[in-house]
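What follows is the residue order along each chain.
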Amino acid sequence: MNKFNLKKIDSRKKLYFKNNNFIYRHGGDLINDKLKFLKKKPQKTIVIGNEVNLNDNLNMPFNYEEIENISKLENSIDGIISNFNFQLKILTEEKNLFYELYKLLKKDGFLCFNLLTKGSMETLKKMFMDIDINIFGGVYERFGPFYEIQDIIDRLSKSNFREIVVGVDELEIQYNSLMKLRHDFKEIGTSNFYENEYFFKRDFLKKVKIIFDKIIKKYEYIPMELKIATFTAWK
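Residues numbered from 1 in each chain as written. Predicted model: local features only at pLDDT ≥ 70, side-chain atom pairs only at ≥ 80, totals over all residues. Heavy atoms only, no water.

**Q** Explanation requested: the overall build of the protein chain in the structure shown.
**A** Helix and strand counts for the protein chain come out as eight helices and six strands. For the protein chain, the N- to C-terminal ordering of α and β elements is α-α-β-β-β-α-α-β-α-α-β-α-α-β. Scored against the burial criterion, the 235 residues of the protein chain give a buried share of 44%. Look at the contacts in the protein chain between residues 6 or more apart in sequence, and 82% of them connect residues 24 or more apart. Here the protein chain has roughly 13,400 Å² of accessible surface; of this, 49% comes from carbon and sulfur atoms. (Helix = DSSP H or I, 4+ residues; strand = E, 2+ residues; numbered from the N terminus. Buried < 20%, exposed > 50% of the residue type's maximum accessible area, 1.4 Å probe, protein only. Contact = heavy atoms within 4.5 Å. Areas by Shrake-Rupley, 256 points an atom, 1.4 Å probe, with all protein chains shown as cover.)

What follows is the structure, encoded as C-alpha cells:
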C-alpha cells in the first residue's frame, strides 16, 4: 500500500492551497450540474471541506464540515458532497470511507463527489520519470493517487450504495511557463506527498527547466491532462 506524508499535506495546504483554484471551480460546476437533477430537495446536506460553492438556485440548505466531525451523525443526513476531498482519504482512512459515509445517510440519501482518475497528468508524469532516471537513477512517485473508475464503482457497491452514476469530463490545460505550472500545482494542492523521500539535487530543477524549454520551443506548450469523474450514488 502506498504511504503518504500527511503532515506535509497539511502544511503545504495551509501555505498555498486556494479553494477557488481552476480545478476546484470546474469540479464545483460539475457537481452543481448533477445536483440540479435531484427530484426531491434534501433538507440536510453536508459539504465535506469547503472546496465547492453550491448554486443559490438549487435552494439546498447545507453546512460545511470536516469529515472527522460528522462520524456521530448516523442516519441523519440527506446528502454528502465532496469536491476532490476524498482524493487521498480513500487510501489513508483506516476504515472503509464509503461505508462510513453510507451509515451517515438517511434512506434514499445521496453521495456526490469528484475524483481525479487514471489518465490525468500523463505527459507530466512521463517527463518527470525521464528526469528522475537521468538525475537520481530511478523513478519517484510524484503524482496522484489517480483511480480507476471501475474500482471506485466496486468500492461503492461493496459499501451498499445503489444507482451509481458516473460522469467523466476531460480537460487539457496548456502551459508555456514552468513558473505558472509550479504556481498552479501549489494552489491545487498537488505535490509529492508520498513518503519516498529523496536527497534534493539542484540539478533536478535545472534539468526540468531545460526539458520544459525544449518542449515549449518545439510544441509551444506542455499539456496537463485532467480526467475528472463525478460519482453520484444513493442509499
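There's plenty left to go through after this.
**Q** Any chance you could explain the pairing of strand β4 (residues 105-116) here in plain terms?
**A** Note on strand geometry: in a regular strand, side chains alternate between the two faces of the sheet. Of all twelve residues making up β4, nine are buried, and the element is well covered by its neighbours. Looking at chain direction, strand β3 (residues 77-83) and β4 are connected through six bridges and run parallel. The residue of β4 that forms the bridge with Gly79 is Phe110. In this structure, β4 lies alongside strand β6 (residues 222-234), joined through seven bridges in antiparallel fashion. (Pairing = 2+ DSSP bridges.)

**Q** Please clarify how the packing of aromatic side chains should be interpreted in this entry.
**A** The description of an aromatic ring pair rests on the distance of the ring centres and on the angle between the ring planes. Inspection of the entire model under this criterion finds eleven aromatic pairs. Plain terms: the ring middles of Tyr24 and Phe84 are 5.2 Å apart, the flat faces sit at 65 degrees to each other, and that makes the pair edge-to-face. On the criterion of sequence distance, the pair formed by Tyr24 in helix α2 (residues 22-35) and Phe84 in the loop between β3 and α3 (89-92) is long-range, its members being 60 residues apart. Each of the two residues, Tyr24 as well as Phe84, counts as buried. On the basis of an interplanar angle of 65 degrees and a centroid distance of 5.6 Å, the ring pair of Phe128 and Phe143 is categorised as edge-to-face. (Phe/Tyr/Trp six-rings, centres within 6.5 Å; stacked < 30°, edge-to-face > 60°.)

**Q** Quick question: what am I supposed to make of the nonpolar core here?
**A** Membership of the largest hydrophobic core comes to 28 residues, with the highest contact counts inside it found for Leu124, Leu181, Phe185, Phe212 and Met224. Put simply, the parts of the chain that give this core at least two residues each are α2, α5 (122-136), β5 (162-175), α7 (178-187), α8 (202-219) and β6. At six residues, α5 tops the list of elements feeding residues into this core. Once residues within four sequence positions are removed from consideration, Leu181 is found in contact with Leu124, Tyr175, Phe212 and Met224. One finds Ile77, Leu101, Leu105 and Tyr147 within the second-largest nonpolar core, a separate group that totals 25 residues. (Core = buried A, V, L, I, M, F, W, Y, C linked by side-chain atoms within 4.5 Å.)

**Q** Help me understand unusual backbone geometry, please; the structure alone is not making it clear to me.
**A** Glycine aside, negative phi is the norm for most residues, and most peptide bonds take the trans geometry. A cis amide bond links Gly144 to the next residue, Pro145, at an omega of 10 degrees. Summarising the element assignment, Pro145 is placed in the loop between α5 and α6 (149-158). Unusually for a residue other than glycine, Asp108 sits at a positive phi of about 70 degrees. With respect to the helices and strands, the residue Asp108 is situated in strand β4.

**Q** Is there a simple way to think about the environment of Met129 in this case?
**A** Position of Met129 relative to the elements: it lies in helix α5. Residue Met129 is classed as partly exposed on the basis of its relative accessible area of 40%. When the C-alpha positions of Met129 and Glu141 are compared, they lie 8.6 Å apart, and in sequence the two are twelve residues distant.

**Q** What should I look at first to understand the pattern of salt bridges in this one?
**A** Opposite charge on two side chains lets them pair, provided their charged atoms get close. Within the structure shown, the criterion is met by eleven salt bridges. Glu100 serves as the salt-bridge partner of Lys103, at 3.3 Å between the closest nitrogen and oxygen. Taken together, the positions of Lys103 and Glu100, both in helix α4 (residues 97-104) and three residues apart, correspond to about one turn of that helix. Residue classification places Glu100 among the partly exposed residues on the basis of a relative accessible area of 26%. Where Asp213 meets Lys209, a salt bridge forms, and the shortest distance between an N and an O atom there is 2.8 Å. Here Asp213 and its partner Lys209 are both found in helix α8, four residues apart, which amounts to about one turn of the helix. (Salt bridge = Lys/Arg side-chain N within 4 Å of Asp/Glu carboxyl O.)

**Q** Just checking my understanding: could you explain the sheet that holds β4 for this structure?
**A** The strands that make up a sheet pair up through hydrogen bonds in the backbone, lying either parallel or antiparallel. One open sheet holds the six strands; their spatial order is β2-β1-β3-β4-β6-β5, and the pairing between them is mixed. Pairing within the sheet leaves two strands with one partner each, and these edge strands are β2 (62-65) and β5. Between one strand axis and the next, the sheet turns by 15 degrees as a mean value, whatever way the strands run. In the packing of α2 onto the sheet, the strands contacted are β3, β4, β5 and β6, and the crossing angle to β6 comes to about 30 degrees. (Axes fitted to C-alpha atoms, helices over the stretch in contact; angles between N-to-C directions.)

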